[in-house]
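Coordinate analysis (summary)
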Number of protein chains: 2
Amino acid sequence: MPRYRLTVEYNGGPYKGFQAQVDLPTVQGEIERAVQGFCGETIRIHAAGRTDTGVHAAGQVIHLDLTRDWPARVVMNAINAHLFPAPVAVLSAQAVDEGFHARFSAQGRRYLYRILNRVGPPALERGLVWHVKTPLDAEAMDRAAQLLIGLHDFSTFRDAACQARSPLKTLDEANVERQGEELRVSFAARSFLHRQVRSMVGSLAEVGRGAWTAADLAAALAAADRKACGPVAPARGLCLASVIY
Amino acid sequence: MPRYRLTVEYNGGPYKGFQAQVDLPTVQGEIERAVQGFCGETIRIHAAGRTDTGVHAAGQVIHLDLTRDWPARVVMNAINAHLFPAPVAVLSAQAVDEGFHARFSAQGRRYLYRILNRVGPPALERGLVWHVKTPLDAEAMDRAAQLLIGLHDFSTFRDAACQARSPLKTLDEANVERQGEELRVSFAARSFLHRQVRSMVGSLAEVGRGAWTAADLAAALAAADRKACGPVAPARGLCLASVIY
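Now for a quick tour of the structure. What you see is a predicted model, and the numbers here were worked out from it, not measured in a lab.

With that settled, consider the environment of G37 of chain A. Residue and element names in this part refer to chain A. Examined against the element boundaries, G37 turns out to sit in helix 1 (residues 27-39). The exposure class assigned to G37 is partly exposed, which follows from its relative accessible area of 39%. Taking the C-alpha atoms as reference points, G37 and H82, separated by 45 residues in sequence, lie 6.3 Å from one another.

On to the packing of helix 3 (residues 138-146) of chain A against helix 4 (residues 196-208) of chain A, then. Residue and element names in this part refer to chain A. Packing of helix 3 against helix 4 leaves a shortest axis separation of 8 Å and a crossing angle of 130 degrees. Considering their axes alone, helix 3 and helix 4 lie oblique with respect to each other. Of the two elements, helix 3 crosses helix 4, and the hand of that crossing is right-handed. Every residue of helix 4 that contacts helix 3 at A140, M141, A144 and A145 is listed here: L204, A205, V207 and G208. Grouping the constituent residues of the contact of helix 3 with helix 4 by class yields 7 nonpolar, 1 polar and no charged.

What follows covers the packing of aromatic side chains. Taken as a whole and assessed by the stated rule, the structure comprises 10 aromatic pairs over all chains. Here the aromatic rings of Y10 of chain B and F18 of chain B are separated by 6.1 Å at their centres, their planes lie at 40 degrees, and the arrangement is tilted. Exposure remark for F18 of chain B: the relative accessible area of 1% places this residue in the buried category. Across from the ring centre of W70 of chain A, 4.0 Å away, lies the NZ or CZ of R68 of chain A, which sits over that ring.

All right, on to the relation of the copies chain A and chain B then. Placing chain A over chain B gives an RMSD of 0.0 Å and needs a rotation angle of 180 degrees, together with 0.0 Å of translation along the axis. Taken together, the rotation and translation describe the operation of a two-fold axis. When C-alpha distances to the rotation axis are compared across chain A, the minimum falls at E125 of chain A, with a value of 4.4 Å. Comparing interface residues between copies, 97% of those in chain A also sit at the interface in chain B, which points to an isologous, same-surface contact.

About the thresholds
- Residues numbered from 1 in each chain as written.
- Chains lettered and ligands numbered in written order.
- Predicted model: local features only at pLDDT ≥ 70, side-chain atom pairs only at ≥ 80, totals over all residues.
- Heavy atoms only, no water.
- Helix = DSSP H or I, 4+ residues; strand = E, 2+ residues; numbered from the N terminus.
- Buried < 20%, exposed > 50% of the residue type's maximum accessible area, 1.4 Å probe, protein only.
- Axes fitted to C-alpha atoms, helices over the stretch in contact; angles between N-to-C directions.
- Parallel < 35°, antiparallel > 145°, perpendicular 65-115°, else oblique.
- Left-handed = near helix turned anticlockwise from the far one by under 90°.
- Contact = heavy atoms within 4.5 Å.
- Nonpolar A, V, L, I, M, F, W, Y, C, P; charged D, E, K, R; others polar.
- Phe/Tyr/Trp six-rings, centres within 6.5 Å; stacked < 30°, edge-to-face > 60°.
- Lys NZ or Arg CZ within 6 Å of the ring centre and 35° of its normal.
- Least-squares fit on C-alpha atoms with pLDDT ≥ 70 in both.

These results come straight from atomic positions and should not be treated as a statement about function.
Structural data, given as structure tokens:
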């Protein structure tokens, strides 16, 4: 069976997350419907990251197996034709061997969280950013974010429903950068716990508005207790930026 | 009558342009409805630029006169509350004297045109960019764009329905810059003819894809003839970035 690796961008706003659910709109359901429309095959796709309800992706990676050996470009264009007008798009496609698995072959994930930090609400970026009116100190957030780097018990920044066996994760990169009215918060790691990015961003925003010091963030991490977490940032600001193989 | 100057951002996608029209959704209609919801007054607002159907704004400027002397911050927040969930937002408000007129006091307008230049269609930036699959040479476009700067008869780049008395305009700035997959084309002038920016961008894209040379663009300008214009770029990529006073 020819296997294809696809890079996918989507606006998660209309979807109940990536993973297929009966009778609910999901990104996976949308793509599988498009594949069926294109070649008539009922297949299951596999993704690098099963993003949560309302979370976006600019570089999600999936793989799928088809019976017929189509050129990769045909697979991409045909799926895109059947996806439209859904806000889901295949950005690239390539034939890969059976050893490639979108989820298990992934060496790392990079997430971007966008905060629109101004008084006026978003009109153009509506649904793609978290709107925070209080001025945020991006440099203080960036300094505090460095304390999260490394191998830690991330229980504080883990959703109660997280099904990972261990709360131990290694965070490789954490950056907070201001670009005009926007704060771009980025993280890279081999993998993340459920709602880890949104939990870290919400707590970093507490530092940004001066409610927490960097030491408070370090203490929250060290507590390894969900109750020590700040407010969880909303899904709409979060985007799976890329997957590293 | 207290006069207020407001900076407004909007997604033009759902609207038949800025200017109010009976029984059609317009940005002006949306804002005037919100003002009425806030203070009960039926007023007429005035804008720096009457953007076309589907054109966006990040920094449109309007003025309006109210009977009561509200704090500017109250005007902004109340209009925003009544605008929601329309994709129109007041970003700032200030009380100004009667000498200020959003349209007639303006010294210049700056427009940004966004081209998404990649094979895959837009999902996240859907409706905010012009999707061009053919690789565009941004540097060639930027060099050609410089030929448009200065005082010219812009008849070539003027919509047939343009009502300006003269086709003579002075273009102050023109820039084409690549940022990853996106080309950002920006123009500044005291004022523009109807569809001038979209006409210039469409012709510059001909240069970008190698169908026109810079000399072809110069010849098209010199022809001062609408028939010499390239294809007009679609409205969705265009944004009124700011107004200078």
